[in-house]
Amino acid sequence: MKLTKCPNNHYYNADKLPYCPHCINLETGIPITNLDGVDQKDIETVSTEHISETSKSLQRKTIGWLVCITGNMLGESFAIYDCENYIGRSPNMNICLAKEPTVSRENHACITYNKDTKILTLTPGNTHNTVFLNDAELTDTEILYDRNLIQLGDCMLLFVALCNESFTW
């Protein structure tokens, strides 16, 4: 985890997010609830410099990317890792579309990579919002192919594959 401090003294994981989600929430008017009444800048952080070899071996590998081609996050890219990748606005999602108000906060959709079969799939999430794959409404799990288009709300994402039949980790 690359713990980063923004100019407003918020801490966030820069490995997952290219910007501070707390500042984005403030800009979009989403309230930040501080349950213990302590400002984030006053909380000591734990150094992650000494990551064990076991933890390093468990790190997820990049298998592709999503690139926003329509929406508020136009031009931004998001790494897709092996196993499950949940998509939503919340900072705890694997793929955080924080600037997209038409995307569900939690689990709008999920991209899964099966390393045994080398197949990527897209599954609609547990929300009332729809997911479109190449302009067709997604009602069940479908295989993802390079250059497929995924639409979540007003956000259109282009899928770019790294792992496929010619390369895998």
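Up top is the structure these notes are about.
Residues numbered from 1 in each chain as written. Predicted model: local features only at pLDDT ≥ 70, side-chain atom pairs only at ≥ 80, totals over all residues. Heavy atoms only, no water.

### Observations concerning the overall build of the chain
Looking only at helices and strands, the chain features 2 helices and 13 strands. Considering the chain as a whole, with its 169 residues, one finds that 34% of them fall into the buried category. Residue pairs at least 24 apart in sequence account for 39% of intrachain contacts in the chain once pairs closer than 6 positions are excluded. In the form shown here, the chain has an accessible surface area of approximately 10100 Å², with 51% of it arising from carbon and sulfur atoms. (Helix = DSSP H or I, 4+ residues; strand = E, 2+ residues; numbered from the N terminus. Buried < 20%, exposed > 50% of the residue type's maximum accessible area, 1.4 Å probe, protein only. Contact = heavy atoms within 4.5 Å. Areas by Shrake-Rupley, 256 points an atom, 1.4 Å probe, with all protein chains shown as cover.)

### Some remarks on the sheet that holds strand β12 (residues 149-152)
Reading across from one edge, β4-β3-β13-β12-β9-β10 is the order of the 6 strands in this open sheet, with antiparallel pairing throughout. Sheet topology places β4 (77-81) and β10 (136-137) at the edges, where each strand pairs with a single neighbour. (Pairing = 2+ DSSP bridges.)

### Quick look at the pairing of strand β3 (residues 62-70)
Where a strand is regular, its side chains alternate between the two sheet faces. Strand direction decides the pairing type here: β3 and β4, joined by 5 bridges, are antiparallel. When the sheet's bridge partners are listed, Val67 is paired in β4 with Ser77. A loop of 6 residues connects β3 with β4, the two strands running antiparallel in sequence, and Gly71 in this loop sits at a positive phi of about 130°. Relative to strand β13 (residues 155-161), β3 runs antiparallel, the two sharing 6 bridges.

### With respect to the layout of surface pockets
In this approach, a probe sized like a water molecule rolls over the atoms, and the result shows the empty space that is left. Looking at the largest pocket, its volume works out to about 460 Å³. Around the largest pocket, the lining is made up of 14 residues, and of these Asn13, Asp15, Lys16, Arg60 and Tyr81 lie nearest the centre. Going through the elements one at a time, β4 and β6 (95-96) are the ones with two or more residues in the lining of the largest pocket. Element by element, the count of residues in the lining of the largest pocket is highest for β4, at 4 residues. Grouping the amino acids of the lining of the largest pocket by side-chain chemistry returns 7 nonpolar, 4 polar and 3 charged. (1 Å grid on protein atoms, 1.4 Å probe; cavity = no way out; pocket = protein on both sides within 12 Å on 5 of 7 lines; lining within 4 Å. Points joined across faces, edges and corners; volume = space filled by probe spheres on them. Nonpolar A, V, L, I, M, F, W, Y, C, P; charged D, E, K, R; others polar.)

### Brief notes about the pattern of salt bridges
As enumerated under the stated definition, the model contains 2 salt bridges in all. For Arg60, the salt bridge goes to Asp82, with nearest N and O atoms at 3.9 Å. With a gap of 22 residues between them, Arg60 in the loop between α2 (53-57) and β3 and Asp82 in the loop between β4 and β5 (83-88) connect regions that are remote in the sequence. By relative accessible area, which is 32% here, Arg60 ends up partly exposed. Linking Glu76 and Lys99 is a salt bridge whose minimum nitrogen-to-oxygen distance equals 3.2 Å. With Glu76 in the loop between β3 and β4 and Lys99 in the loop between β6 and β7 (109-114), the pair connects residues that are 23 residues apart, well separated along the chain. (Salt bridge = Lys/Arg side-chain N within 4 Å of Asp/Glu carboxyl O.)

### A few points about the side chain of Asn107
On the secondary structure map, Asn107 appears in the loop between β6 and β7. With relative accessibility at 15%, the residue Asn107 sits in the buried group. What Asn107 contacts, discounting residues up to four positions off in sequence, is Tyr86, Ile87, Met93, Gly125, Asn126 and Thr127.

### Here we look at a nonpolar patch on the surface
On the surface, a nonpolar cluster with roughly 270 Å² of combined accessible area is contributed by Ile119, Ile143 and Tyr145. For Ile143, a relative accessible area of 36% puts it in the partly exposed group. (Patch = residues over 30% accessible without salt bridge, like charges linked within 9 Å, V, L, I, M, F, W, Y side chains within 5 Å.)

### With respect to unusual backbone geometry
With phi around 50°, Asn134 is a residue other than glycine that occupies positive phi space. Inspection of the secondary structure assignment puts Asn134 in the loop between β9 (131-133) and β10. You can call Asn134 partly exposed: its relative accessible area is 37%. Phi at Arg147 is positive, roughly 75°, even though this residue is not glycine. With respect to the helices, strands and loops of the structure, Arg147 is situated in the loop between β11 (142-143) and β12. Of the residues examined, Arg147 reaches a relative accessible area of 51% and is grouped as exposed.

Any functional reading would require information that these geometric values do not contain.
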